[in-house]
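# What the coordinates show
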Amino acid sequence: MDLKQYEFSGEKKFEIKKFNTADTGKFKERSEAETIIQDDINLMKDSQDKLYSENREGILIIFQAMDAAGKDGAIKHVFSGLNPQGVDVFNFKQPTDEELKHDYLWRAQRHVPQRGKIAIFNRSYYEDVLVAKVHKLYLSQVLPDRCKDDSVIEKRYTQIKNYEQYLWENGITVIKFFLNISKDEQKKQLLQRIDDQSKNWKFSQSDIEERKYWDDYQDAYEAAINETSTPICPWYVIPADKKWYSRYLISKIVLQHLQRINPQYPKLAPEVEQSLSEWRKTLLA
């Protein structure tokens, strides 16, 4: 499948109002996609085992989305087959007092994966050009006045691009997903959280409050994606009205990156390999 239509590497502009959030690609039935997803999960499992063993390259996977777009479900489902020893998931919520005393990239840098591992960020440093932009949170931070002018968000776009270039040049592949849900579908999902008792725990009043800023967030996402898309760290904009199709695309894209990295099991030194038969005899004896 050609995934280029969902990839934004800086060559084309992302226009959020023209994006089809209900896209299901070539599929007419959900079951068709789910069979392929399971196959991809199995392939990802094999590649992840080699990535962990080879210990040469790390992968950072970032999920950004409006509330109820399916980030948690995608993480739970797509990465269900991976070895937990090689995967870490971090949720970036409202910054703590300690985090606010540092630069905005500090809390993310602490959780960048070591080589051989995969780190998944549920939200990320992009919150500082999204929610921080919509609500102008930088104005209330304890920062020098020179850091609070009208260009602060533009500067952060440049800082983020440079940071991701730095990660790439130090062996970390960054895969960025924006799960793009429609306003109508978000409403449907939020109502389910209210009506379904088993989902009540997911509901938060802040979901309703933030929904009032829908248009501002749409503009913020469009700008952030266009300003931080690069050939080495592109954005993947995923239609999120149909959760099963989102998961299909995510599994395909992650698998594609693993196959590009092409990790291999480490080879033994020739002298060690030659000794294997002798060690085998020793164990049998």
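This text follows the structure it describes.
To keep things clear, this report deals only with the structure shown in the data block.

Rules used in this analysis
- Residues numbered from 1 in each chain as written.
- Predicted model: local features only at pLDDT ≥ 70, side-chain atom pairs only at ≥ 80, totals over all residues.
- Heavy atoms only, no water.
- Helix = DSSP H or I, 4+ residues; strand = E, 2+ residues; numbered from the N terminus.
- Buried < 20%, exposed > 50% of the residue type's maximum accessible area, 1.4 Å probe, protein only.
- Contact = heavy atoms within 4.5 Å.
- Lys, Arg positive; Asp, Glu negative; His and termini not counted.
- Charge placed at Lys NZ, Arg CZ, Asp CG, Glu CD.
- Expected span 1.5 Å × (residues − 1).
- Arc of directions from axis to C-beta.
- Axes fitted to C-alpha atoms, helices over the stretch in contact; angles between N-to-C directions.
- Parallel < 35°, antiparallel > 145°, perpendicular 65-115°, else oblique.
- Left-handed = near helix turned anticlockwise from the far one by under 90°.
- Nonpolar A, V, L, I, M, F, W, Y, C, P; charged D, E, K, R; others polar.
- Core = buried A, V, L, I, M, F, W, Y, C linked by side-chain atoms within 4.5 Å.
- Phe/Tyr/Trp six-rings, centres within 6.5 Å; stacked < 30°, edge-to-face > 60°.
- Pairing = 2+ DSSP bridges.

## Quick look at the overall build of the protein
In terms of regular secondary structure, the protein is built from eleven helices and six strands. For the protein, the spread of C-alpha atoms along the three principal axes comes to 75 × 50 × 40 Å. Going through the 285 residues of the protein one by one, you find that 46% of them count as buried. Long-range pairs, those at least 24 residues apart, make up 81% of the contacts in the protein between residues at least 6 apart in sequence. On the protein, the mean spot of the 44 positive side-chain charges and the mean spot of the 45 negative ones are 2 Å from each other.

## Let's talk about helix α7 (residues 183-195)
Here α7 spans 18 Å end to end across 13 residues, near enough to the 18 Å set by a 1.5 Å rise per residue. When α7 is considered as a whole, its buried residues turn out to be Glu185, Gln186, Gln189, Leu190 and Arg193. The buried residues of α7 occupy one face: seen down the axis, they fall within an arc of 135 degrees. Exposed side chains of α7 directed beyond 90 degrees from the buried face belong to Asp184 and Asp195. Packed against the buried residues of α7 are α8 (205-211), α9 (214-228) and α10 (243-261).

## Thoughts on the environment of Phe14
Take Phe14: it is sitting in the loop between β1 (7-8) and α1 (30-54). For the pair Phe14 and Glu222, spaced 208 residues apart in the sequence, the C-alpha separation amounts to 6.4 Å. When near neighbours in sequence (up to four residues on either side) are disregarded, Phe14 contacts Phe8, Phe19, Phe178, Asn180, Glu222, Ile225, Asn226 and Val237.

## Considering the packing of α1 against α10
Closest axis-to-axis distance for the α1/α10 pair is 9 Å, and the angle between their directions is 30 degrees. Considering the angle they form, α1 stands roughly parallel to α10. Regarding α1 and α10, the two cross each other, and that crossing is left-handed. Note on element contacts: α10 touches α1 through Trp244, Arg247, Tyr248, Ser251, Lys252, Val254, Leu255, Leu258 and Ile261, opposite Arg30, Ala33, Glu34, Ile36, Ile37, Asp40, Leu43, Met44, Ser47 and Leu51. Classifying every residue of the contact of α1 with α10 gives twelve nonpolar, two polar and five charged.

## A short note on the nonpolar core
Ranked by internal contacts, the top residues of the largest apolar core, which has 76 residues, are Ile61, Phe63, Phe79, Tyr125, Phe177, Leu179 and Ile250. Counting residues per element, this core draws most heavily on α10, which supplies ten residues. The contacts of Phe63, once residues within four sequence positions are left out, are Lys71, Ala74, Ile75, Phe79, Ile120, Phe121, Asn122, Arg123, Phe177, Leu179 and Ile250.

## Observations regarding the packing of aromatic side chains
Under the counting rule described, the total for this entry stands at 19 aromatic pairs. Aromatic pair Tyr163 and Tyr166: ring centres 6.4 Å apart, planes at 20 degrees, arrangement stacked. One end of the pair, Tyr163, and the other, Tyr166, are both in helix α6 (residues 152-169), three residues apart, so they sit about a helical turn from each other. Exposure remark for Tyr163: the relative accessible area of 9% places this residue in the buried category. Tyr166 gets classed as partly exposed once you look at its relative accessible area, which sits at 44%. Aromatic pair Phe177 and Tyr236: ring centres 6.0 Å apart, planes at 40 degrees, arrangement tilted. Note that Phe177 is positioned in strand β5 (residues 172-180) and Tyr236 in strand β6 (residues 235-239), a separation of 59 residues in sequence.

## Here's the deal with unusual backbone geometry
Positive phi, normally seen in glycine, also occurs at Arg123, with a value near 70 degrees. Residue class for Arg123 comes out buried when judged on its relative accessible area of 17%. Backbone geometry places Lys136, a non-glycine residue, at a positive phi of 50 degrees. The topology assignment puts Lys136 in the loop between α5 (131-134) and α6. On the accessibility criterion, Lys136 (45% relative accessible area) is partly exposed.

## Focus on the side chain of Glu164
Tracing the chain through its elements places Glu164 in helix α6. With a relative accessible area of 1%, Glu164 lands in the buried category. When near neighbours in sequence (up to four residues on either side) are disregarded, Glu164 contacts Tyr125, Tyr126, Val174, Lys176, Thr228 and Cys233.

## Some remarks on the pairing of β6
In terms of burial, β6 is a largely internal element, five of the five residues being buried. By the bridge criterion, five bridges tie β5 to β6 in an arrangement that is parallel. Looking at β6, one finds that Lys176 is bridged to Trp235.

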